[in-house]
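Each chain, written out:
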Amino acid sequence: MDGSDEWLADVPKVADVTAPDALAEVKRLAALAPAEYEAARKDAAARLGWRASILDGEVAKARPRESDGEAKPETVETLDPWPDPVDGAALAEEIRDRLRAHVVFGAAGDADAATLWILGTYLMDTWRLWPRLLITSPTKACGKSTLLEVIDAMAHRGFIAANASPAAIFRAIEAWRPTLLLDEADTWMAQNDELAGILNSGHTRRTARVIRVQEVNGEHLPIAFSTWCPLVIAGIGAQRDTLMSRSIVIGLRRKLPDEAVTRLPFDLHGQLLRVRRQCARWADDNAATLGAMDLEPPECGDDRRRDNWTPLTRLAAVLGGPWPDRAAAAYTALALTEDDDAEPAGVLMLRDIAELFAARRADRIATAEVVADLLMMDDRPWMEWKHGRPITAQSVARMMKPFGIKAQVKKLTGTAARVYLRSEVEAAAARYVPQKRNPVTMQQNQEVTGFSKRNPEAEVTLLKADNPLKTNEGYEVTLSGHMERPIDDVFDPDHWR
């Protein structure tokens, strides 16, 4: 038996089939076209005394991997880092300018967040947690697909798909380690529970795996597949609560007639090869510094949002120049102005019921009145809660039960009624409803944002009612410009207190 026949050592043997006969049969089958092999495989497996799955594996091994002798093109690129040191702040500025050239962002800090996120895709071995980048728009034709192409041209090992099965996604991540960009999420992702679990698992490195049973040499074995990769998701409107909370959410809007954007060049990906190589070099040079940092953004009332922004904050600090102030402004504006509708439905209802108690100053409210008041809220989903039908007392009870809130039979205006108690609602709201901070300027109270008064051009001025439970009014946020600051000042601990 020559060296080319070594694979036969692991092939099942039967008394009436010799090894040379088996080798010849496998080689014959490997030369067949797929349709011809499919027609012949069962009879061939029976003659050899093998299971058909074993024969499939041996035939696959015997087939030539390349028909023309040339290497297959890479699915995702292998990048050679730029040969010279790179000015990170200047590189980030170039990425930001490119993003802003092609789409109209919904908020001032969205392009800054996207820039930092793109740089971070080159450092996945550094992060404990990495947020998804969620691109949303209120309607079509706002530039989501365009932005995906621009990000793909600058992120690490980008790969865009407009649809994929759950199995294809985790197998692609395991095989390619890409930056995965998923488009049209509103058409195929929202109702897929299995896919939601897979995407959620990849938020932190330790949990970023799924387990599937796979046949290996005739045995069914549990196999772990990685789900750890940078992930961009683009779609109209909001996504699942669990995905939103694991994401940096950036918005796009349709451009006005007087707003100009640049059309994408034909070979954008090729033109930006230099940018990708420079990102790879900057990441290589700064990975150790970033990995050793314990810098975090200030408290915002939402631990997961703070976790999502931690790696972006560290990237901004190492970049220096205007980037720490830009990251601070984007984080602060997001933390203080995010719409309540982004909250999970149960938390949103708990907030609304707490506001009812605050407005009425009552210690109990009848279930029927709670439902009626919820249905009067025009900016809430309760009127068309389930398949276009209004929310019911039973729905409210189911949503409040996880918070330890139950309707009880108590006296109300002299008669027995099913009521909700203020004490239970307030106790649950204190624990589960994010509490927004009172309106002050940054100069008056640095604890609101954690940023130093030495940077007056990063001011954020907030205006809001005194009691967040008494009104649905939002915050007004005024952002100013930025100023450059030396890197030593960025790492000053007092700067982040």
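Up top is the structure.
How each quantity is defined
Residues numbered from 1 in each chain as written. Predicted model: local features only at pLDDT ≥ 70, side-chain atom pairs only at ≥ 80, totals over all residues. Heavy atoms only, no water. Axes fitted to C-alpha atoms, helices over the stretch in contact; angles between N-to-C directions. Helix = DSSP H or I, 4+ residues; strand = E, 2+ residues; numbered from the N terminus. Left-handed = near helix turned anticlockwise from the far one by under 90°. Contact = heavy atoms within 4.5 Å. Nonpolar A, V, L, I, M, F, W, Y, C, P; charged D, E, K, R; others polar. Polar contact = N/O pair within 3.5 Å; in protein donor to acceptor, adjacent residues only side chain to side chain. Core = buried A, V, L, I, M, F, W, Y, C linked by side-chain atoms within 4.5 Å. Buried < 20%, exposed > 50% of the residue type's maximum accessible area, 1.4 Å probe, protein only. Pairing = 2+ DSSP bridges.

Remark: helix 4 (residues 88–102) packs on helix 12 (residues 273–292), axes separated minimally by 11 Å, with the N-to-C direction vectors making an angle of 145°. With respect to the hand of their crossing, helix 4 and helix 12 are arranged in left-handed fashion. Contacts between helix 4 and helix 12 involve G88, L91, E94 and I95 from the former and R274, V275, Q278, C279 and W282 from the latter. Residues that form the contact of helix 4 with helix 12 fall into these classes: five nonpolar, two polar and two charged.

Here T121 shows up in the loop between helix 5 (110–120) and strand 1 (132–137). Beyond its immediate chain neighbours, meaning those up to four positions away, T121 contacts W130, A155, H156, T179 and P230. A polar contact of 3.1 Å, which involves the side chain of T121, links it to the backbone nitrogen of H156.

Turning our eyes to something else, we now look at the nonpolar core. The biggest cluster of nonpolar side chains holds 62 residues, and the ones touching the most others in it are L99, I151 and W282. With residues near it in sequence (within four places) discarded, W282 still touches V86, G88, L91, L119, L123, L290, L315, V318 and L319. Residues M349, L356, M399 and F403 belong to the second largest nonpolar core, which totals 26 residues.

Ordered in space as 8-10-9, the three strands form an open sheet in which the pairing is antiparallel. Since the sheet does not close on itself, it has two edges, and those belong to strand 8 (364–366) and strand 9 (408–412), each with one partner. Going across the sheet, the axis of each strand differs from the next one's by a mean of 65°, ignoring polarity. Two elements, strand 9 and strand 10 (residues 415–421), share five bridges in a ladder whose sense is antiparallel. Following the sheet pairing, Q408 is matched in strand 10 by V419. Docked against the sheet, helix 16 (residues 367–375) engages strand 8, strand 9 and strand 10, running at close to 80° with respect to strand 8.

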